Amino acid sequence: MKVLVAEDDIASGKFLSKLLSRYGNVVLAADGIEAVDEFVKSIKDGEEFDLVCLDIMMPKIDGYKALQSIRDAERKLGIPRISRCKVVMISALDEDFDANYASNDYDDYICKPIDIIKFDNIIKKLGLLDQ
């Protein structure tokens, strides 16, 4: 499995990288623009990400705008909806905020601090352990 993590907090980024490295290769982006650039590059290189984890509150562009750009890139590059990458939104904000604010273009949502067991269950639920 190939994973892209967009996280501006260094400690959180290292934690997520270590957690997800159990499943495969992890690329860490420091902000939303870097995440979108890495995502597009991976498609052009034929090494698409299976999972993208986006912190919601990041500098330059936030996680929701990065998600919109990622989904737009998938559409423009002809990736069918069934084949697009899985996306998990990550934030210190509670789930009520998410329900009122976000689109449904992501696959799951988890609050900080990250519960390792809950995150592992998300990975399993998304069917990513086979990749």
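Refer to the structure above for everything that follows.
From a predicted model like this one, the values you see are computed outputs, not experimental measurements.

The next thing to look at is the environment of Ala29. Relative to the helices and strands, Ala29 resides in strand β2 (residues 25-29). The sequence separation of Ala29 and Leu4 amounts to 25 residues, and the corresponding C-alpha distance is 7.3 Å. Excluding residues within four positions of it along the chain, Ala29 makes contact with Leu4, Val5, Ala6, Glu7, Glu34 and Ala35.

Right, let's talk about helix α3 (residues 63-76) for a bit. For α3, with 14 residues, the first-to-last C-alpha span of 20 Å sits near the 20 Å given by 1.5 Å per residue. Those residues of α3 lying buried are Gly63, Tyr64, Ala66, Leu67, Ile70, Arg71, Ala73 and Glu74. Where α3 begins, one side-chain oxygen reaches toward the backbone nitrogen of Tyr64, 3.0 Å away; that side chain belongs to Asp62. A positive backbone phi angle near 75° is found at Gly78, which sits one or two residues after α3.

Alignment of strand β1 (residues 2-6) against β2, held across five bridges, turns out to be parallel. Residue pairing for β2: Ala6 is matched across the bridge by Ala29. Following the backbone out of β1, through helix α1 (residues 10-20) and into the adjacent parallel β2, one traces a crossover that is right-handed.

The next thing to look at is the packing of helix α2 (residues 32-44) against α3. Between α2 and α3, whose axes approach to 9 Å, the crossing angle comes to 15°. By the criterion of interaxial angle, the relationship of α2 to α3 is roughly parallel. Between α2 and α3 lies a crossing of right-handed hand. Touching Gly32, Val36, Phe39 and Val40 of α2 are Ala66, Ser69, Ile70, Ala73 and Glu74, all from α3. Of the residues assigned to the contact of α2 with α3, the class counts are six nonpolar, two polar and one charged.

About the thresholds
Residues numbered from 1 in each chain as written. Predicted model: local features only at pLDDT ≥ 70, side-chain atom pairs only at ≥ 80, totals over all residues. Heavy atoms only, no water. Helix = DSSP H or I, 4+ residues; strand = E, 2+ residues; numbered from the N terminus. Contact = heavy atoms within 4.5 Å. Expected span 1.5 Å × (residues − 1). Buried < 20%, exposed > 50% of the residue type's maximum accessible area, 1.4 Å probe, protein only. Polar contact = N/O pair within 3.5 Å; in protein donor to acceptor, adjacent residues only side chain to side chain. Pairing = 2+ DSSP bridges. Right-handed = clockwise from strand over helix to strand, strands pointing away. Axes fitted to C-alpha atoms, helices over the stretch in contact; angles between N-to-C directions. Parallel < 35°, antiparallel > 145°, perpendicular 65-115°, else oblique. Left-handed = near helix turned anticlockwise from the far one by under 90°. Nonpolar A, V, L, I, M, F, W, Y, C, P; charged D, E, K, R; others polar.

Purely geometric numbers; function is a separate question.
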